[in-house]
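# Notes for the structure review
Take a look at the letters that make up each chain.
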Amino acid sequence: MCKRNFIAISLLFLFINLSAEDGHSLWLRSKSTGSVNVVCSENSPTINIAKQELKQAWRGKTGATIALTIKSDKLIKDDGFKLSFNTIQANTDLGILYGVYELLRRQQTGEPIRDEIINPSYERRLLNHWDNLTETIERGYAGGSIFWRNGKDSLVVTEEDKTLWREYARANASIGINGTVINNVNASPLVLKSEYLMRVKAIAEVLRPYGVKTYLSVNFSSPAIIGGLSTSDPLNAKVIKWWRDKVNEIYKIIPDFGGFLVKANSEGQPGPQDFGRTHADGANMLADALKPFGGIVMWRAFVYSATSDDRAKQAYEEFMPFEGQFRDNVIIQIKNGPVDFQPREPFSPLFGAMEKTAVMPELQITQEYLGHAIHLVFLAPLWQEFLQSDTYQKGAGSTVARCTDGTLFPKRLTAIAGVSNIGLDVNWCGHHFAQANWYAFGRLAWNNNLSSETIADEWLKLTFYNYNSDQSEPIAFSDDWEENFLNPVKQIMLESREVAVNYMMPLGLHHIFAADHHYGPGPWWAPAGVRRDWTPPYYHQADTNGIGFDRTDKGSDAVSQYHEPLRSQFNDLKTCPEEYLLWFHHLPWNYTVKSGRTLWDEMCYRYDSGLQAVREFQKTWDRVELYVDPDRFTHVQSKLRRQCRNAQVWKDACLLYFQQFSRKPIPYEIDRPVYDLKDLIEMDMLSQ
Ligand code: GCW
């Protein structure tokens, strides 16, 4: 930037008061523009928060009156509410609080406020923290845990801890999240020791008024490891009693405790199979202990073994035999895709399979496979694609959303979980735009029909609009702001997921990361001694004949786990959606795709278009400099630079590696690679 422009921009910042922002306030930045009279005869910690929030952030008419009324109404479900111009009605205190946040959001985003009943899609809307008791976070990219400390005084609860937990609870409540699992699914048994439970109690007390229930991940071998028993066999009477006593102890100190999340017999974690028992035996034993208190068990279906011919099939094979055998307070928690949170996967066939057992989606907010906290990737389009996938369980229109939210199976428990991207970083998520993924998860858990565009629009207004410059009511976003900031940046967000798919693994490729960091490319990565199903060649199957994993009826037959007509659609090359091509088919390099190009050429174009798109993102972002405070602007700008370098590495690594098999030139109009494959392999360039 030339010096004159720089001075002009600095003056402009002074003038319009774009003071530096560190991102800590998230989407809750707006302050009130006038007074409001709140009429409410109720009094409770939750209601008091609702009143306070209204006063702090009111942007309606100065002096207006708003009534908060607890009055039951059959059309209002759970913690839903009825919104109108001057009243919020709900069945519960929490419903009132949610109504207040909705009203304030509408005032801040300029959305109309009319008479409406607004109910949540899922009963339980949870974050899963993969936080270890030693402060580190598995797959966390935004600093240490907000819940757990390491070292000598790690269990002492400080005022700073409580302040942070309160801010966290408030942010969650503002988007409808009503539960949180505060420790890693690779669970340390220590969390169930009484001294740790006292810390859990302290956390639960801070979260409670905001309607966020506390849950724990538990280690299935806890009875043996911390209870001193000789076994953790779920059918053993002493083991059963140990869990009952433990659950009693928990509910004595945390009366509204939510329940347990369990990763069993998966990636080395203990489980009922260690004792010759089944998933149902294990889950039901815990469910029986929790039942008298209203607690639930979320039992994960993330299982796979080294010997399976296709990892994508295993969860279905292992769980379907127990369909209908789980207690009604057990819910099977299933990742959106059959492999593992890849940039793109078809939905897991376990959705749409179980009729008598409750199932819930597990989404990943933390960007384990999508560029950590470096890449700008807005995940709402990925989640929406998944939620709107048709399973055909009860004929056309049986979307994953409808199979899981109670629409198709009204009597089942309903829930949805998102693996958190929150840490101790000042801006909570590492990348300012990663906050949008936390926000989007909450909004979709509340309303699984919301469009990505609506979510991005809301979030950008709440997060980047300079409210100080606008005292008007209703809020007036200028054409200039919308045209020059909102629309272009929204476009970046909406394209970003597809762009990442293109520069990382287009056309149905998956899991081609180098090593366990799951960040940079490593289609070659297969060190001796590493499990085959943890290495990329297992997934891409490239050789001189072609590339892709054959999951058709001639291959692993994973297609047979889907209902018709999907099974045939995926099985048949002519009807298989191109985005899943190499997920389901092994194809020759000269196979002709829809664009008329050969498969090899198409791969080259896709990788290159991903890279080019990130370069465009950089330009677009630089153009919005006037509209963003300097701190957040430069922060995002520098992350985009890195994303761009990374996209180049991805493109070069994958094309140069696969070219050894395709033995074809990269189409001449495409920019040439700038790295050498040898260097990329030796340096594992993007290892973190
Ligand atoms: O995606 C894999 C991750 C593991 C994680 C596991 C799981 C918590 O690489 O880090 O462990 O999934 O979901 O259990």
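Since the structure is predicted, the reported quantities are computational estimates derived from the model, not experimental observations.

This part covers the site of the ligand. Close to the ligand lie 15 residues; Glu-138, Lys-263, Lys-335, Asp-340 and Glu-368 are nearest. With respect to the ligand, the side chain of Lys-263 contributes an N or O atom lying 2.6 Å from an oxygen atom. In this structure, Tyr-369 approaches the ligand through a side-chain N or O atom, which is 3.5 Å from an oxygen atom. Considering the ligand on its own, with 340 Å² of exposed area, one finds that the protein chains cover 97% of that surface. Its residues placed into classes, the shell around the ligand shows 4 nonpolar, 3 polar and 8 charged.

On to the packing of aromatic side chains, then. A full pass over the atoms with the stated rule returns 45 aromatic pairs. One Lys or Arg, Arg-412, reaches over the ring of Phe-409 and ends 4.0 Å from the middle of that ring.

Turning our attention to the domain arrangement of the protein chain. Once the domains are mapped, the protein chain shows domain 1 (31-119), domain 2 (124-464) and domain 3 (500-549 + 586-687). Taking the mean C-alpha position of each, domain 1 and domain 2 sit 29 Å from one another. Between domain 1 and domain 2, the residue contacts involve 19 residues of the former and 16 residues of the latter. Surface buried jointly by domain 1 and domain 2 totals about 1400 Å² across both partners, of which 56% is contributed by carbon and sulfur atoms. Here domain 1 is connected to domain 2 by 1 salt bridge. Here Glu-53 ties to Arg-170 by a salt bridge, and the two come within 2.6 Å at their closest N and O atoms. Those elements giving two or more residues to the side of domain 1 that touches domain 2 turn out to be helix 2 (45-57) and helix 3 (93-109). When residues in the side of domain 1 that touches domain 2 are grouped by element, the largest group, 8 residues, is from helix 3.

Moving on to the sheet that holds strand 5 (residues 116-118). Read across the open sheet, the 5 strands follow the order 1-2-4-3-5; overall the sheet is mixed. Each having just a single partner strand, strand 1 (36-39) and strand 5 make up the two edges of the open sheet. On average, adjacent strands in this sheet sit at an angle of 20° to one another, irrespective of strand direction. Pairing between strand 1 and strand 2 (residues 64-70): 4 bridges, direction parallel. Looking at the pairing, Asn-37 lines up with Thr-65 of strand 2. Strand contacts of helix 3: strand 2, strand 3 (81-83), strand 4 (87-90) and strand 5, with the helix running at about 35° to strand 3, the strand carrying the most contacts.

About the cut-offs
As a convention, each chain's residues are numbered from 1 in the sequence order in which they are written. Since the coordinates come from a predicted model, pLDDT governs what is reported: local features require at least 70, and pairs of side-chain atoms require 80 or more to be given and counted, while whole-chain, interface and lining totals use all residues. The side-chain numbers reported here are obtained from all heavy atoms of the structure, hydrogens and water having been left aside. Each residue is tested against the molecule or strand, and it is near if at least one of its non-hydrogen atoms lies within 4 Å. Any pair of N or O atoms that falls within 3.5 Å is considered a polar contact. Within protein, one atom must be able to donate a hydrogen and the other to accept it, and sequence-neighbouring residues count only if both atoms are side-chain atoms. All accessible-area figures derive from a Shrake-Rupley calculation using a 1.4 Å probe, and residue coverage is judged against the displayed protein chains alone. Polar here means any residue outside two lists: the nonpolar Ala, Val, Leu, Ile, Met, Phe, Trp, Tyr, Cys and Pro, and the charged Asp, Glu, Lys and Arg; Gly therefore counts as polar. We call Phe, Tyr and Trp rings a pair once their centres come within 6.5 Å, taking the six-membered ring for Trp, and we label the pair stacked below 30 degrees between planes, edge-to-face above 60, and tilted otherwise. Each ring is checked for a lysine NZ or an arginine CZ that lies within 6 Å of its centre and within 35 degrees of its normal; such an atom marks a charge sitting over the ring. As annotated, the domain borders come from an automatic or database domain assignment. The contact rule is simple, with two residues in contact once any of their heavy atoms fall within 4.5 Å. By definition, the buried area sums, over both parts, the 1.4 Å-probe accessible area that each loses when the two are put together. Think of a salt bridge as a Lys or Arg side-chain nitrogen and an Asp or Glu carboxyl oxygen that are within 4 Å of each other. In this description a helix means any DSSP run of H or I spanning at least four residues, a strand means any run of E spanning at least two, and both kinds are numbered starting from the N terminus. The rule for pairing is simple: two strands pair if DSSP sees at least two bridges between them. Where helices are involved, their axes are fitted lines through C-alpha atoms of the stretch in contact, as for all axes, and angles between N-to-C directions lie from 0 to 180°.

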